[in-house]
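# A structural walkthrough
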Amino acid sequence: MAHVSDPATAEPALTARPENRVWKKFRSHRSAMLGGILVLFFVLIAVLAPVLPIPDPTATDWGAVRQAPSLAHPMGTDEIGRDVMSRLIWGARASLMAGVLSVLIALGIGVPLGIAAGYFGGWTDSIISRCTEALLAAPFLILAIALAAFLGPSLGNAMIAIGLSATPIFIRLTRGQVISVAAEDYVESANAIGLPTMKILTRYIFPNVLPPVLVQATLTVATAIIAEASLSFLGLGQQPPAPSWGSMLNTAKNFLNQAPWMALWPGIAIFLVVLGFNLLGDGLRDALDPRET
């Protein structure tokens, strides 16, 4: 007589979806979680700035010029009586927007060019690689300053200048990753059976080069925020009276002895948001690396 398995003793079906490996590794990375919290905090205050109960960042009060931190002004006031905390919060919008949008510009130009150079090779690779090397010969910040000065002082032009200056980094990274992935057996098999080039690029090449590109993008946002603050400090970024951390530091340098809080708070803000993106990028790198367990 055939043995009939007891339903009660049969192996139970999986009812819960296994936890995503990448998220599990990222969550166990304490410094990455700290970075994510810092980035989320600054994103929230930037998004909620219009509805927060804070003074107008451009409103002047000549009776409260360079006031020390108090209950009325928790971070003090600047040289014409504007609330430093309000300007700091609104400045987060400019800094984060400049960081993210400039990196999106660099991704939009650099990734397609890197894929074309790495996959097609030949004269395509030679032209793109030589142009990339020429741009990499100039330091990132010097190139961004030159482009911003050429385009004219404004936040939009500063983002374009930073994005174009960061593009060679993504071209070189993407090209190297594509060359590595294109040598894999599954890509060579796809070529052998005659799959269309666009299908190979979208199905096999791009998904496999995306993780390191995302990590680099996260780290480059931090660099772009510093670059935007530098351009604003030089008068090539966000224009007064609109608040920007860089322009706040530019003004504060003239009052370091009389009102040190004017430089303290934007300096701390830049430090924390850059630290957050760097920690977040390091955590993503470890979480997306299949060799890490």
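Refer to the structure above for everything that follows.
Residues numbered from 1 in each chain as written. Predicted model: local features only at pLDDT ≥ 70, side-chain atom pairs only at ≥ 80, totals over all residues. Heavy atoms only, no water.

## Notes on the nonpolar core
- Judged by nonpolar contacts, the single largest core of 53 residues is most densely connected at Ile205, Trp245, Val273 and Phe277.
- Secondary structure elements with two or more residues in this core: α2 (30-48), α3 (84-120), α6 (155-182), α7 (185-192), α8 (197-233), α9 (245-252) and α10 (261-288).
- The residues contacting Val273, other than those within four sequence positions of it, are Phe42, Leu96, Ile225 and Trp245.
- In terms of nonpolar packing, the next biggest core, distinct from the first, is built from 6 residues, Ala252, Phe255, Ala259 and Met262 among them. (Core = buried A, V, L, I, M, F, W, Y, C linked by side-chain atoms within 4.5 Å. Buried < 20%, exposed > 50% of the residue type's maximum accessible area, 1.4 Å probe, protein only. Helix = DSSP H or I, 4+ residues; strand = E, 2+ residues; numbered from the N terminus. Contact = heavy atoms within 4.5 Å.)

## Here we look at a nonpolar patch on the surface
- A cluster of nonpolar side chains, contributed by Leu40, Val43, Leu44, Val47, Leu48 and Val51, occupies part of the molecular surface with about 530 Å² of accessible area.
- With respect to the element layout, Leu48 can be found in helix α2.
- You can call Leu48 partly exposed: its relative accessible area is 39%. (Patch = residues over 30% accessible without salt bridge, like charges linked within 9 Å, V, L, I, M, F, W, Y side chains within 5 Å. Areas by Shrake-Rupley, 256 points an atom, 1.4 Å probe, with all protein chains shown as cover. Salt bridge = Lys/Arg side-chain N within 4 Å of Asp/Glu carboxyl O.)

## Focus on the packing of aromatic side chains
- Counted according to the given criterion, the structure contains 4 aromatic pairs.
- Here the aromatic rings of Phe41 and Phe42 are separated by 5.3 Å at their centres, their planes lie at 75°, and the arrangement is edge-to-face.
- Judged by relative accessible area, which is 5%, Phe42 ranks as buried.
- Measuring from centroid to centroid gives 6.0 Å for Phe42 and Trp245, while their planes differ by 75°, and the two rings are edge-to-face. Residue Phe42 is found in helix α2, and its partner Trp245 is found in helix α9; the two are separated by 203 residues along the sequence. Comparing Phe42 with Trp245, the two get one shared label, buried. (Phe/Tyr/Trp six-rings, centres within 6.5 Å; stacked < 30°, edge-to-face > 60°.)

## Considerations on α2
- Taking 1.5 Å of rise per residue, 19 residues should cover 27 Å, and α2 covers 27 Å from first to last C-alpha, within 8% of that figure.
- Of all the residues in α2, the buried ones are Ala32, Gly35, Leu38, Val39, Phe42, Ile45 and Ala46. Each buried residue of α2 sits inside an arc of 165° when the element is viewed along its axis, so together they form one side. Residues Arg30, Ile37 and Val47 are exposed on α2 and point more than 90 degrees away from its buried face.
- Looking at the buried positions of α2, the neighbouring elements they touch are α1 (21-27), α3, α9 and α10. (Expected span 1.5 Å × (residues − 1). Arc of directions from axis to C-beta.)

## Describing the packing of α3 against α10
- Two elements in contact, α3 and α10, have axes separated by 10 Å at closest approach and are oriented at 35°. Between α3 and α10 the crossing geometry is right-handed. In this structure, α3 contributes Val84, Leu88 and Leu96 to the contact, and α10 contributes Trp265, Pro266, Ala269, Val273 and Phe277.
- By residue class, the composition of the contact of α3 with α10 is 8 nonpolar, no polar and no charged. (Axes fitted to C-alpha atoms, helices over the stretch in contact; angles between N-to-C directions. Left-handed = near helix turned anticlockwise from the far one by under 90°. Nonpolar A, V, L, I, M, F, W, Y, C, P; charged D, E, K, R; others polar.)

## Looking at unusual backbone geometry
- Following Pro240, the chain continues into Pro241 via a peptide bond in cis, with omega recorded as 5°.
- With a phi close to 50°, Arg66 is a non-glycine residue in the positive phi region.
- Within the secondary structure, Arg66 is located in the loop between α2 and α3.

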